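# Fold and contact review
Read off the chains here:
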Amino acid sequence: MRCRFAPSPTGYLHVGSARTALFNWLFARHHGATFVLRIEDTDASRNQPELVTNILDSLRWLGLDWDEGPFYQSERAERHNEVVEGLLADGRAYVDDGAVRLRVADEGTVGWDDVIRGRVSFERANIEDFVIRRSDGSPLFLLTNVVDDWDMGITHVIRGEDMINNMPKQLLLLEALGVDREVHYAHLPLLVDEQRRKLSKRFGDVAIESYRDRGFVAPAMTNYLATLGWGTADGVEIRPLAEIVERFELAAVNKSSAFFDVKKLTHFNHEYIRAMAPGEFSALAGPFAAPYDLAALPAGYLADIQGRTQTFPELAPMIDWLFLEQPPIDDESWAKGVAGNPAAAAILDGTLAAYAECDWVKDELHQRLAAVGEASGLKLGKAQAPVRVAVTGRSVGPPLFDGLEVLGRERTLARLRAARARL
Ligand code: GLU
């Protein structure tokens, strides 16, 4: 069995295209079939190597390795022309205004049993004699696509449902060419946004490269893409790729459109980041955290930060205050947590006194601040706010006392004093 992923060069790998590639790959790995990669670059404006580089890089990043190719359709022009000439010689096609058209009989239907959608058929009477080679001599995509699948011995065509409208013409071509081989067609449901509209074309919304650059990890992305139109009866969605390969069935793919939900993808990402070994986390997250050095943080603290990270760009703002001499104080956090808090002065003074000589360990720091709060009639959550803002510059962040322990007494007290003076 042979399947193929046949992207047109677009300069990036669209998430919908990536899902198509993944389902081909899953099919191939599940059945031990051959996965062929073919670049459909017959359109002269697309025949540029730099439009392919990102696509190949993203497939590699996702871990979707191919067994044959990449083959370039543009290198097969001679073969495509030979096929057109053959159809002309047989009288199956004719020249009309310089373009070559295929003759279509106007009786009966043309159809196929789609693996996902069941029987689909079209009336021949509704299909006009259609162009297979333009007057400038270039063959149409629907011809090159069908000829290449034929020559490459493709047995399973797994692709997006936007190709369904090309199907009747492609089947008529195969018929005219006398090709009589069994091919299974599976047209995958469209990906849509939350309003169930076709996904936007904005690079940031749909390019795999953009998600990679925004701190999504490949296994989370691959796992998430696998859930778009496919699932198992047990409803478990987050599982290792090897298990997905084992369970994947093309016939179980849904025909209704699938919502590409970035929130859900982010949840998958969080789960994958949480489950990483510390070394892997540091290696992948390190570049995003720069210039702050993750290796400088105690292992326990870093593990806690890892558990909170949904996507890597969240890291730097969580830890910058541990590295900066005096972190900038966010205006809104200052206004809410300090300036607008009547107890702030008492809390800051109390904490300065309570922290001056105590053991510098998180439990002690915790208890002492709780006691300072109680003296002002405040619960810990409220009492913590001015201290957090003074020390970290923000009103939200990872657990405070663990961080204070890392920051050390001197820097903590200096920041508390600075905030008190500003107040
Ligand atoms: N080259 C087409 C595309 O990128 C896909 C054609 C196919 O899979 O048959 O949309």
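Residues numbered from 1 in each chain as written. Predicted model: local features only at pLDDT ≥ 70, side-chain atom pairs only at ≥ 80, totals over all residues. Heavy atoms only, no water.

As a further point, take the overall build of the protein. Counting secondary structure elements, the protein contains 19 helices and 12 strands. A compact globule built from 423 residues would reach a C-alpha radius of gyration of about 22 Å, whereas the protein, at 30 Å, exceeds it by more than 25%. Taken along the three principal axes of its C-alpha coordinates, the protein extends 100 × 45 × 35 Å. The buried share among the 423 residues of the protein stands at 47%. When contacts within the protein are restricted to residue pairs at least 6 apart in sequence, those whose partners lie at least 24 apart make up 75%. For the protein, the accessible area works out to roughly 19500 Å², and carbon and sulfur atoms hold 50% of it. Distance from the positive charge centre (47 side chains) to the negative charge centre (61 side chains) of the protein: 5 Å. (Helix = DSSP H or I, 4+ residues; strand = E, 2+ residues; numbered from the N terminus. Rg over C-alpha atoms; globule rule 2.2 N^0.38 Å. Buried < 20%, exposed > 50% of the residue type's maximum accessible area, 1.4 Å probe, protein only. Contact = heavy atoms within 4.5 Å. Areas by Shrake-Rupley, 256 points an atom, 1.4 Å probe, with all protein chains shown as cover. Lys, Arg positive; Asp, Glu negative; His and termini not counted. Charge placed at Lys NZ, Arg CZ, Asp CG, Glu CD.)

Our focus in this paragraph is the pattern of salt bridges. Under the criterion given, the structure shown has 30 salt bridges. Residue R60 pairs with D57 through a salt bridge whose shortest N-O separation is 3.3 Å. Note that R60 and D57 are positioned in helix 2 (residues 50-62) at a spacing of 3 residues, about one turn of the helix. The partner of D193 in a salt bridge is R197, and the shortest N-O contact between them spans 3.0 Å. Taken together, the salt bridges that share partners define one network made up of R4, R38, E40, R76, R79, E82, D148, D149 and D151. (Salt bridge = Lys/Arg side-chain N within 4 Å of Asp/Glu carboxyl O.)

This part covers the packing of helix 15 (residues 344-355) against helix 16 (residues 362-375). In a pair of packed helices, the angle between the axes and the distance between the axes together describe the arrangement. Running from N to C, helix 15 and helix 16 point in directions that differ by 140°, and their axes come no closer than 9 Å. Judged on the interaxial angle alone, helix 16 and helix 15 are oblique. By crossing handedness, the relation of helix 15 to helix 16 is classed as right-handed. Every residue of helix 16 that contacts helix 15 at A346, I347, G350, T351, A354 and Y355 is listed here: L365, R368, L369, V372 and G373. In the contact of helix 15 with helix 16, the residues fall into 7 nonpolar, 3 polar and 1 charged. (Axes fitted to C-alpha atoms, helices over the stretch in contact; angles between N-to-C directions. Parallel < 35°, antiparallel > 145°, perpendicular 65-115°, else oblique. Left-handed = near helix turned anticlockwise from the far one by under 90°. Nonpolar A, V, L, I, M, F, W, Y, C, P; charged D, E, K, R; others polar.)

What follows concerns the sheet that holds strand 8 (residues 130-133). Taken in spatial order, the 3 strands line up as 4-5-8 in an open sheet, and their pairing is antiparallel. The open sheet has two edge strands, strand 4 (93-96) and strand 8, and neither has a second partner. The sheet shows a mean angle of 45° between the axes of neighbouring strands, taken without regard to direction. Inspection of the sheet shows strand 4 paired to strand 5 (residues 99-102) by 4 bridges, in the antiparallel sense. The residue of strand 5 that forms the bridge with Y94 is R101. Across the face of the sheet, helix 3 (residues 77-89) comes into contact with strand 4, strand 5 and strand 8 while running at roughly 130° to strand 8. (Pairing = 2+ DSSP bridges.)

A separate point is helix 13 (residues 315-323). Among the 9 residues of helix 13, 7 are classified as buried, and the element is accordingly described as predominantly covered. Within the sequence span of helix 13, burial applies to L315, A316, M318, I319, D320, W321 and L322. Each element contacted by the buried residues of helix 13 is listed here: helix 11 (278-289), helix 12 (299-308), helix 17 (380-392), helix 18 (400-407) and helix 19 (409-422).

To continue, consider unusual backbone geometry. Between G69 and the following residue, P70, the backbone shows a cis peptide bond with an omega angle of 0°. With respect to the helices and strands, P70 occurs in strand 3 (residues 68-72). With omega at 10°, the peptide bond leading from A290 into P291 counts as cis. Of note, P291 is situated in the loop between helix 11 and helix 12.

This part covers the packing of helix 17 against helix 18. For the pair helix 17 and helix 18, interaxial distance at closest approach is 11 Å and the crossing angle is 35°. At the point where helix 17 passes helix 18, the crossing takes the left-handed sense. Only L400, F401, L404 and L407 of helix 18 make contact with helix 17, whose side of the interface consists of L380, Q384, V387, R388, V391 and T392. Partitioned by chemical class, the residues of the contact of helix 17 with helix 18 number 7 nonpolar, 2 polar and 1 charged.

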